[in-house]
Amino acid sequence: MSYLQLTYRFIIMVVLILSAQSVLGQEGMLRQKITVDFKEITLGEALDKIEKIATVSFSYSSKKTPVHSLVNLQLENKPLADVLNRLFQNQNIDYVVVENKIILKPADPAHSNAKYTISGYIQDENDGETLLGATILVTSLGKGSISNTYGFYSISLPEGHYQLKYSYIGYQDQYREVDLRADVLEDIKLLPNISQLDEIIVSPDDSTTNTEHIHANAYAIDHETVLLKTSAMGESDVIKTLDIIPGIQLFRDGSTFFNVRGGDRDQNQILVDEAPIYNPAHFMGLFSAIIPESIKDMKMYRGDLPANLGGRLSSVLDIKTRDGNLRRFSTNGSLGLISARLAVEGPIKKDKSSFFISGRRSYIQGIIKSADADIDKLYFSDFTAKANVWLNAKNRLFLSTYLGKDEFSTDGGIAWENKAGTIRWNHVFNSRLFSNITFYSSKYEYTLVQSPDFIWKNHISNVSLKMDFTNYLTLTNTLKFGIKLSGHNFNPGNVEDQTGAIPVGQPFVPKRNATELSLYVSNDQKINDSWLITYGLRLSTWTNIGKTIEYEIDENYAVVDSTIYDTRDSYNDYGNLEPRLSLTYLVDNKNIIKFNYSRAAQYINLISNSISPFNNLEVWMPASVNIKPQVANQISLGWFNTSPDWQLSAELYYKHMENQLDYVNQASILLNPYLEAELRSGDGKAYGLETSLTKRSGTLTGTISYTYSKSTRQIEGINQGQEYVSLWDKPHQFVVNANWKSSPRTTFSGTLYISSGGPITTPTAFYEYAGRSVPIYAARNNDRLPVYHRYDMSVNLRLNKSLKKFNHYLTFSLFNLYAQKNSILINFNKIEVDEKFVVPTNTLGSNPVVSSQVFVYNIVPSISYSFKL
């Protein structure tokens, strides 16, 4: 044997001996016995203690290891391997020993044990109302989920023992230990936290999984926020509460019209229990239609719509009404200067079924008649009713309705009403698959009466069947899919007599019908501790059907022919693919970055050329041969800094819109069979920056926000084809909203608004005719109203010294505290006579035409009384 061979064999032997010693040393390290007693300490602290007890060293990434999760472990004289296996059992951690170091790494999901599911509903302990968006946290993993819009939750985990934490804003946290060896069905009942009952939240929901709430793209507003916010004449107003949210602007004083991120007002959808409400205005827009006490949950989606929502470009306001108290009868109500509200709820069969009924009626007619005004009818009213039935553990049924009406009449008059009804069936197929089937009908109708033989009516209505499914695949992956079929009917406005016939000599505006089919699928996935992604696709199709008349319009917008389609004839189709993407990155425990992209299509259009904030005389028209569907592509990028008490956010957005409608000058909208020839279409764009700072707990809560935004249109045939600002373009908006709970019985609220004036069209020149100055309008939206600013304040006082079964309150408010005269219109068609501005009746007069401004509010003091029983 050569020297070289001996040397080679010696080296091999040394390596084998050293390797064996290393292996034996590693095994010896894991076999050493230790005693641990960990009670409510973090995993990181537990690892530090083991390092000292066992004289070992751990290596791990704090980003990939849940070092802040709480652990409890008591073991006496057990091998280190057993201690680590028990410690890491539910932490999703594997470990390996390398060179006397214990290296921790995330467990491979492919090697996980069989998974089981815990699911159920989360409810209020006192009244049985399900809690939407409640948080379920697996404490050992630092991961969790939230309950859906019906309070249902589902979490799938490997076999093992877990601690779950259930939490909801304003409620006491609840912890449950679960030994998961099979699927578990468990309903959770949370107790309200009395000390937080009056806290107000206007922000993405606050919870230990705040990342997931921000990822959902929704702002949540509860009914207490609506009740506390100061409003005109003390009338709590759902729609006018929205303007404290960045990116949302009300049109002008005295209006419920609002725009979101530069879109037109018909691009906003309002849903009440999933049924659309087309006109939320009462009393010519001074008040909005939804009764605040009927609201269970209200979320605003500002353009970044999830795939299950569609049909509008800019926003969806999703309102869920109360289910009704399952355990006892209760009532609440209020009495204000112009209206009274009352709500009653209670069990039909205790813990099995319930009802909720609320109503509102104005009595302003009596006040005005007392001033000898010649008015036959002047009122508005609302009615909301709902029944909720738990058929069994897996089936639940809802029936709900909403009716809202306004009427104003003297010799003639106007009236409008919204009607909506919904039937919903929740079914749990198994612990992971949840479904909801909805059938609803909705109608908005406007009537103008000049005489018994001249009654102008228009309406829009639809009937829809919708099926939604949610499959909770894993703790980090949820699949949603569904289908919706709708039928739409449009009456753009026709004159009838008392018999319903069209009077001789009156034009007939063709009525329209259409069907709409939508399919969607989306996937919510938590990639790791830092990344969340939601990706989805919505397919929408639109088909125009008879009976109707379609007019052919040439390139000069002249009507050249017409075609009559019989009942149920399909004659025109549109289809759109609408991808949705939401990507959220958790930088650390406080900082979140979010990116969104969405494409949306809209097939119905509101036709109105009035800039008056009080105009409800409007026409709805469908996409058809001459009107293409509106389409919008929107991207946004946001940064959020969150804590239990504060949230700071900044979000950039850009939106490009196609097939935006506008009207030629002096367009004729009413009783015009050739209405489509008055319309022009083109592109629009909107972009901006939204910032806000929100304080969410303590005696002082509120939001400070600033928004910079631009909204423009470019349409051939309008403004000489040049780009112009839209009617909704208000570049600057600054809002401060604050609520101070000065004592357990007293809360002060105040809101300051400052914004750019809205666009208006003013004369670019004048010419003389018959001794008069006649204005010339050469540019669209070429000027602005003065800067808008207003401060409102109110104080809410609980009259009883301590909370009891019966509680009652007084609210004092001052709307427009310093009496700012904010203009809503500027006229250029009046002359000044005896210090009054009037439209001239004598064209041969010598008084010059002057501009005059119109405003709605001076200071408006009010008082209201409310109670809860």
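Basis of the calculations
Residues numbered from 1 in each chain as written. Predicted model: local features only at pLDDT ≥ 70, side-chain atom pairs only at ≥ 80, totals over all residues. Heavy atoms only, no water. Helix = DSSP H or I, 4+ residues; strand = E, 2+ residues; numbered from the N terminus. Contact = heavy atoms within 4.5 Å. Areas by Shrake-Rupley, 256 points an atom, 1.4 Å probe, with all protein chains shown as cover. Salt bridge = Lys/Arg side-chain N within 4 Å of Asp/Glu carboxyl O. Buried < 20%, exposed > 50% of the residue type's maximum accessible area, 1.4 Å probe, protein only. pLDDT = per-residue confidence, 0-100. Core = buried A, V, L, I, M, F, W, Y, C linked by side-chain atoms within 4.5 Å. Arc of directions from axis to C-beta. 1 Å grid on protein atoms, 1.4 Å probe; cavity = no way out; pocket = protein on both sides within 12 Å on 5 of 7 lines; lining within 4 Å. Points joined across faces, edges and corners; volume = space filled by probe spheres on them. Nonpolar A, V, L, I, M, F, W, Y, C, P; charged D, E, K, R; others polar. Polar contact = N/O pair within 3.5 Å; in protein donor to acceptor, adjacent residues only side chain to side chain. Pairing = 2+ DSSP bridges. Axes fitted to C-alpha atoms, helices over the stretch in contact; angles between N-to-C directions. Parallel < 35°, antiparallel > 145°, perpendicular 65-115°, else oblique. Phe/Tyr/Trp six-rings, centres within 6.5 Å; stacked < 30°, edge-to-face > 60°. Lys NZ or Arg CZ within 6 Å of the ring centre and 35° of its normal.

Asker: Just to check I follow, could you spell out the overall build of the chain for this structure?
Answerer: Each helix and strand counted, the chain has six helices and 57 strands in total. In the chain, the proportion of contacts linking residues at least 24 apart, taken out of those at least 6 apart, comes to 65%. Accessible surface, the chain as shown: approximately 37,700 Å² in total, 57% of it carbon and sulfur.

Asker: Got a minute to help me understand the pattern of salt bridges in this structure?
Answerer: Where charged atoms from two side chains of opposite charge come close, those side chains can pair. All told, the structure shown has 42 salt bridges when counted by the stated rule. In this structure, Lys320 engages Asp318 in a salt bridge whose closest nitrogen and oxygen atoms are separated by 2.9 Å. One exposure class covers both Lys320 and Asp318, and it is buried. Note that Arg322 is salt-bridged to Glu345, the shortest N-O span being 2.9 Å. Remark: Glu345 occurs in strand 25 (residues 339-349) and Arg322 occurs in the loop between strand 23 (315-321) and strand 24 (330-335); sequence separation between them is 23 residues. The exposure class assigned to Arg322 is buried, which follows from its relative accessible area of 16%.

Asker: Looking at this structure, how should I read the confidence of the model for the chain?
Answerer: For any part of a model where pLDDT is low, the fine detail of the predicted coordinates should not be relied upon. Per-residue pLDDT for the chain averages 86, and the proportion of residues at 70 or more is 89%. Scored below 50 in pLDDT, residues 10-25 shows zero contacts in the model against residues more than four places distant or in partner chains. Note that residues 196-208 has pLDDT below 50 and, in this model, 54 contacts with residues that lie over four places away or in other chains.

Asker: What should I look at first to understand the nonpolar core in this one?
Answerer: Soluble globular proteins tend to bury their nonpolar side chains together. Trp542, Ile607 and Trp620 are the most contacted members of the largest nonpolar core, which has 31 residues in total. Going through the elements one at a time, strand 29 (413-428), strand 30 (433-451), strand 31 (454-474), strand 32 (477-496), strand 39 (604-607), strand 40 (619-622) and strand 42 (646-663) are the ones with two or more residues in this core. Apart from residues lying up to four places away in sequence, Trp542 is in contact with His488, Phe490, Ala514, Thr515, Glu516, Asn572, Asp573, Tyr574, Tyr603, Ile604, Pro622 and Ala623. Counting residues in each nonpolar core, the second largest holds 26 residues, with Phe38, Ile41, Leu47 and Phe88 among its members.

Asker: Whenever I open this one, helix 3 (residues 80-87) confuses me. Can you help?
Answerer: Think of an α-helix as turning once every 3.6 residues; residues three or four places apart then point the same way. For helix 3, every residue scored as buried is listed here: Leu80, Ala81, Val83, Leu84 and Leu87. Looking straight down helix 3, one finds that the buried residues subtend no more than 160 degrees of arc, so they occupy a single side.

Asker: Quick question: what am I supposed to make of empty space enclosed by the protein here?
Answerer: Gaps left between atoms are located by rolling a probe of water-molecule size over the structure's atoms. Taken as a whole and judged by the stated rule, the model has 14 cavities of 30 Å³ or more. There is about 460 Å³ of room inside the second largest cavity. Every element with two or more residues in the lining of the second largest cavity is listed here: strand 16 (248-250), strand 47 (746-755), strand 52 (788-798) and strand 54 (823-833). Of the residues belonging to the lining of the second largest cavity, the class tally is 15 nonpolar, 13 polar and nine charged.

Asker: Even after reading the chapter, I still don't get the side chain of Asn591, so can you show me in this structure?
Answerer: Note on placement: Asn591 falls in strand 38 (residues 591-602). On the basis of relative accessibility, which here comes to 17%, the residue Asn591 falls in the buried class. Only 2.9 Å separates the side chain of Asn591 from the side chain of Asn641, close enough to count as a polar contact. Ignoring anything within four residues of it in the chain, the contact list for Asn591 reads Tyr585, Leu586, Trp639, Phe640 and Asn641.

Asker: Would you mind going over the sheet that holds strand 7 (residues 135-138) with me for this structure?
Answerer: The pairing of strands in a sheet comes from backbone hydrogen bonds and takes either a parallel or an antiparallel form. With respect to topology, four strands assemble into an open sheet ordered 8-7-10-11, the strand pairing being antiparallel. Looking at the sheet topology across the chains shown, the edges are occupied by strand 8 (143-146) and strand 11 (174-180). Ignoring which end each strand starts from, the neighbouring axes of this sheet average 25 degrees apart. The pairing of strand 7 with strand 8 spans four bridges and is classified as antiparallel.

Asker: Help me understand the packing of helix 2 (residues 43-54) against helix 3, please; the structure alone is not making it clear to me.
Answerer: To describe two helices that pack against each other, one gives the angle between their axes and the distance between the axes. Where helix 2 meets helix 3, the axes come as close as 12 Å, and the angle between the chain directions of the two elements is 180 degrees. With respect to helix 3, the axis of helix 2 lies roughly antiparallel. Note on element contacts: helix 3 touches helix 2 through Leu80, Val83, Leu84 and Leu87, opposite Leu43, Ala46, Leu47, Ile50 and Ala54.

Asker: Sorry if this is basic, but what is going on with the packing of aromatic side chains here?
Answerer: How two aromatic rings sit relative to each other is given by the distance of their centres and the angle of their planes. Here the structure, examined in full by the defined rule, presents 27 aromatic pairs. Seen in terms of ring centroids, Tyr551 and Tyr674 are 5.0 Å apart; in terms of plane orientation they differ by 85 degrees. Their pairing is edge-to-face. Placement of the pair is Tyr551 in strand 35 (residues 548-553) and Tyr674 in the loop between strand 42 and strand 43 (679-695), with a sequence separation of 123 residues. Residue classification places Tyr674 among the partly exposed residues on the basis of a relative accessible area of 42%. Taken together, a centroid distance of 4.8 Å and an interplanar angle of 75 degrees make the contact between Phe815 and Tyr857 edge-to-face. Taken together, the positions of Phe815 in strand 53 (residues 807-815) and Tyr857 in the loop between strand 56 (849-855) and strand 57 (860-868) put the pair 42 residues apart, joining distant regions of the chain. Here Phe815 and Tyr857 have matching classes, each one buried. Three or more aromatic residues link up through ring pairs in this structure, and these residues are Tyr121, Tyr150, Phe152, Trp390, Phe398, Phe434 and Tyr472. Here Arg361 stacks its cationic end above the ring of Tyr379, 3.9 Å away from the centre of that ring. A cation over an aromatic ring shows up here: Arg424 above the ring of Phe398, its NZ or CZ 4.8 Å from the ring centre.

Asker: Just checking my understanding: could you explain the environment of Thr746 for this structure?
Answerer: One can find Thr746 in strand 47. For Thr746, the contacting residues outside a window of four places in its chain are Trp740, Lys741, Val795, Asn796 and Leu797.

Asker: Sorry, what's going on with the pairing of strand 33 (residues 512-526) here?
Answerer: The two faces of a sheet get side chains in turn, since along a regular strand they alternate between them. With 14 bridges connecting them, strand 32 and strand 33 associate as antiparallel partners. Considered in strand 33, the bridge of Lys480 is made with Ser522. Where strand 33 and strand 34 (residues 531-545) come together, 14 bridges link them in antiparallel fashion. Paired with Val521 across the two strands is Leu537, which belongs to strand 34. Between strand 33 and strand 34, which pair antiparallel one after the other, the connecting turn spans four residues.

Asker: Where do I start with the sheet that holds strand 4 (residues 93-98) in this structure?
Answerer: Ordered by their spatial adjacency, three strands build an open sheet running 2-5-4, and the pairing between neighbours is mixed. Of all the strands in the sheet, just strand 2 (57-59) and strand 4 have a single pairing partner and so form its edges. Direction aside, neighbouring strands of the sheet carry axes that sit 30 degrees apart on average. Examined bridge by bridge, strand 2 and strand 5 (residues 101-106) share three bridges and lie parallel to one another. Across the sheet, the residue bridging to Ser59 is Ile103, located in strand 5. Packing against the sheet, helix 2 makes contact with strand 2, strand 4 and strand 5, and its axis sits at approximately 145 degrees to strand 2.

Asker: Just to check I follow, could you spell out the pairing of strand 43 for this structure?
Answerer: Judged from the 16 bridges that link them, strand 42 and strand 43 form a sheet pairing that is antiparallel. Along strand 43, the bridge assignment pairs Leu648 with Leu693. Summarising the sheet, strand 43 and strand 44 (residues 700-715) pair through 14 bridges and their orientation is antiparallel. The residue bridging Gly688 from the neighbouring strand is Ser709, located in strand 44. Linking strand 43 to strand 44, which pair antiparallel, is a turn of four residues; within it Gly698 sits at a positive phi near 100 degrees.

Asker: Any chance you could explain the environment of Thr225 here in plain terms?
Answerer: Relative to the helices and strands, Thr225 resides in helix 5 (residues 223-228). Taking the C-alpha atoms as reference points, Thr225 and Pro292, separated by 67 residues in sequence, lie 9.4 Å from one another.

Asker: Which parts of the structure should I look at to understand the side chain of Ser749?
Answerer: If you trace the backbone, Ser749 turns up in strand 47. Given the relative accessible area of 6%, Ser749 is considered buried. At 2.7 Å, the side chain of Ser749 and the side chain of Asn739 are in polar contact. Every residue in contact with Ser749, bar those within four places of it in the chain, is listed here: Leu228, Thr230, Ala738, Asn739, Asp792, Met793 and Ser794.

Asker: In this structure, what is going on with the environment of Phe408? I would like to understand it.
Answerer: Topologically, Phe408 is positioned in strand 28 (residues 395-409). The exposure class assigned to Phe408 is partly exposed, which follows from its relative accessible area of 36%. Those residues within four positions of Phe408 in sequence are excluded, and the remaining contacts are Ile375, Lys377, Leu378, Gly413 and Ile414.

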